[in-house]
Each structure stands twice: as C-alpha cells, then as structure tokens.
Amino acid sequence: MVMTQHTSPPSQPSTDGPLPAQAAALLARIHDRSATIGIIGLGYVGLPLVLTFTAAGFKVRGFDIDADKVTRLNAGESYIRHIAAADIAAARAAGQFEATTDFDTLDFTDAVLVCVPTPLTKQRDPDLSFVTRTVATAAPRLRRGTLLVLESTTYPGTTDEVLAGLLHEAGLTPGDDLYLAYSPEREDPNNAHHSTGTIPKVVGADDDAARALAVALYGTITKVVPVSSARTAEAVKLTENIFRSVNIALVNELKVVFGRMGIDIWEVVDAAKTKPFGYMPFYPGPGLGGHCIPIDPFYLSWKVREYGMSTRFIELAGEINSAMPDYVVRQVIEALNGRAGKSVSGSRLLLMGLAYKRDVDDTRESPALVLLEQLEARGATVEYYDPYIPVLPPTREHPDLAGRRSVAWDLAAFEGYDAVLIATDHTGVDYAGLVAHAKLIIDTRNAARPHDPSGGVVSA
C-alpha cells in the first residue's frame, strides 16, 4: 500500500520550491514509480526495504558481496526467518527485484540506499569501514543525478564529512552531480505491530533538492519526518538508541539493588507501569544484544571527544549493561552451590536461547554468547537449545563458537542437566514443562518464574 506522505509542521524544513532540472526529472520518476532503486546490503535492514519498495510498485536492484545470499534471493528463498520467502519469490516473479554482486550495474539505478553494518572496533571506536568501502566502490559507478542515501547508524557528521569527502575524491559534488541524504533505519526484526512500511522515516539532507528527493522517495512507502540536516537525522537515531540503552541500564541496576533487598524487580516494574503518565516500562535481562543498542551510543561518545566533552550517562550505561553477564554468571555459581551443592566447574548446563531477543534468528551481540563462553571458561559443559538458531553462525566477537548445534527439545533429557539458564525468552517454549522437569532453573527473563508456584526458579 502506498501511504500518504507526512506533512511537516511549519518549523520543519520545506521540501517545496523549484528544483534543478535533473532533480525534477528524478522526482517525476519517483512519483510515477519508474525510478529504479538500488539497495546495498541485503540484511535485516536492506531486505525489508527491498520488499517494501517493490510492494509500492518500484523495481529494485539489491547489491551484496555475499554470493550465496544473492543466489538464494534470486531463487526466491529467504535466509531471515521472519521474512517470508513467498514475498521474495513474488517480487522476483513480477520482475521487480534482482539481487547481484556486480556493483558495475549501479549505473542502472536512480536512487541508492546504503544499508551496511557500522560496528565498533575492539577499542569501542566507530568502524566505518563497511560504509567507506561501499561508498568508495559505488561513487565512480553512480550516474549524474542519482540520489544517494545512507541508512546505517552513525555519528553526526558522517554524511557531510566522510561520505561527501569520498564523493569529492571521485569527482562528484553533492547537490550538483548527485544528491546526498541520510535516513536512519528503524527496523525492529519480527515486530508484529510495526514494519518498514508503518514506521515513520526521518530524513535529513544539507540541500533542498536532496531533501525533497529523499522525502518523496520514502513518502511512497511510509510517513516521512524531514529534518534540517543530515547531522540532525544522524543525531535522531543515536538519541533513540541512547534512550533505550540508558533506561535498560537503569532497570538492570535496580534489578541488582532490589535483588539484594529481597524485592522482585519484575513485580516492581509491573506495578509501576500501571501509572498512566510519567513512566515507561523497561525490563532487565542478561545484557544487551542486537546491532543497535549495545553499539550505537558509543558512536556519539567517540564523536564528542572532538568537542572536548564526555558523555557520562552513555559511558555509565555501557558499563552497567556490559557487566550484566558477569552478574548472571555469579548467580549461576551461587545457585549451583546453594541449591545443588555443586561447583560450576564440572557442571552440565543448558543455555535456553542464543538469539539476542525473543523470536528472531539473530545472534548479533547476543549476551547469551558471552554467558556460554564465561561458563565454559569456569569449567562447565554448556549446551544450548534455540529453535531459531539450529546451528550457530560465525560471529564477529565469538568465532570459536561457530558450528555449535542446538540440542533437541526433550524434557526427559533436560532432567540430566545440573541447571538450565534462560537467556532468551522465545515464545512457544513450554516453560511450565521445563519447570516440572529441570533440576534447577536460573531465569534472566522472567519466562519460567510465572509457571513456578513453589518459588524454586532463581531470578538472575
């Protein structure tokens, strides 16, 4: 469905007014859906964008360096669990989507959206290598008048400093030879209530033509919130994720404090959220996972050093959230000692869930991987069950765990473990059955405790 473009309030930048001839021509192609869209990076952000734009009537060419991924997509297959293969196959059958590793064909596209990773280095500095390599590769292949939009989360100044600099090196001037904008991705994988086509898109650019084109393009698929500059749009995305990081850190700290006082944090949060104003519930866990919340705040921390400032809330939140796996491991050790009379060394443990959040097949930055490594480092034998992760893929921080396989769901077999540690609360799991069969459960997600009338499940 094509949605009506959001009308910005008077205080927002205008996207009206005469445009240069080549921009006006592209605007007309956007409006009549004859523009071809190129999307670089066909992962958790890029692939939903592909399907949303094809559903709006556009032809989309997807670019990725992973040849196996490209082959599967062109065969109408999906490699992301919550994205239906039928939708990909339909776009292929309609001739609206083609995936390729050939970046030379970028000159067939009218608008190029860059959706590549922006991780951290081991020193927690921004790693823009995926972005810079992508733009450096794309720049000489872009035709005059193309709209180039970065969607990857990054620090304020990346678009107008780094990307514009790379374009200049290729002999291209933003606002003249092509149009440069920033629109941060807002994906929440497997969210049943919000998808790419229903989540408003923030759009920022440093010239009116680029902003008008980006607003028009995204306005064909969802509501648009234009802002005055690319830096502002970059700051919006960081603000959203910093908000979550800080509040999750707060509730994680309260979990530890209240636990020492004999108070149940889950009961506290459930009662507090009944207040109809001034409170928003956040929930504790074993740490932060996913590609956004554990990483993005540090992009701002790094950038503000340039201005002689520090981000104390961000740094403190990072310390608290990063310490949660250590806290959980201590709870496991104490539970084994106190409830089972066993040392963690030599214990046989089952880790319930490896994905970073419920009902997704995504292990990026998952705290469960940290727990697995820490418990094995202390001498435990650790296996895992996760219906979404039958085989653990290679990960940036935990390469040695690649290839591990999930055990089968077998309540009788689960009785043989000294303890079960719930790290991810997938729905559809028989937690009541688990409570009935497991010798000891340590629960970081409050998944099993509601099924435990005896109070034997340990909260962590």
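What counts and how
- Residues numbered from 1 in each chain as written.
- Predicted model: local features only at pLDDT ≥ 70, side-chain atom pairs only at ≥ 80, totals over all residues.
- Heavy atoms only, no water.
- Helix = DSSP H or I, 4+ residues; strand = E, 2+ residues; numbered from the N terminus.
- Rg over C-alpha atoms; globule rule 2.2 N^0.38 Å.
- Buried < 20%, exposed > 50% of the residue type's maximum accessible area, 1.4 Å probe, protein only.
- Patch = residues over 30% accessible without salt bridge, like charges linked within 9 Å, V, L, I, M, F, W, Y side chains within 5 Å.
- Areas by Shrake-Rupley, 256 points an atom, 1.4 Å probe, with all protein chains shown as cover.
- Salt bridge = Lys/Arg side-chain N within 4 Å of Asp/Glu carboxyl O.

**Q** Explain the overall build of the chain to me, please; I cannot follow it from the model alone.
**A** When helices and strands are counted, the chain shows 14 helices and 13 strands. At 24 Å, the chain has a C-alpha radius of gyration in line with the 23 Å of a compact globule built from 460 residues. Summarising its shape, the C-alpha atoms of the chain cover approximately 75 × 50 × 40 Å along the three principal directions. Relative to its 460 residues, the chain shows a buried fraction of 52%.

**Q** When you look at unusual backbone geometry in this model, what are you seeing that I'm missing?
**A** Note: most residues except glycine have negative phi, and most peptide bonds are trans. For R33, which is not a glycine, the phi torsion comes out positive at approximately 65°. Overall, the relative accessible area of 22% leaves R33 in the partly exposed class. Although it is not a glycine, E365 sits at a positive phi angle of roughly 60°. Mapped onto the fold, E365 is located in the loop between β9 (348-352) and α12 (367-377). The exposure class of E365 is partly exposed, given its relative accessible area of 33%.

**Q** For this particular structure, what's the right way to read a nonpolar patch on the surface?
**A** Taken together, the side chains of V257, M261, I263 and V268 make up a nonpolar region of the molecular surface, amounting to roughly 310 Å² of accessible area. Along the chain, M261 turns up in the loop between α8 (230-260) and α9 (265-272).

**Q** Explain the pattern of salt bridges here, please?
**A** In a structure, side chains of opposite charge can pair up when their charged atoms sit close to one another. In total, this model carries 26 salt bridges according to the counting rule given. As a salt-bridge pair, D127 and R396 come within 3.1 Å of each other at their nearest N and O atoms. With a gap of 269 residues between them, D127 in the loop between β4 (111-114) and α5 (129-138) and R396 in the loop between β10 (381-385) and α13 (411-414) connect regions that are remote in the sequence. Under the relative-accessibility criterion, D127 is labelled buried at 12%. Each member of the salt-bridge network shares a partner with another, and the members are D160, E161, R231, K303 and E306.

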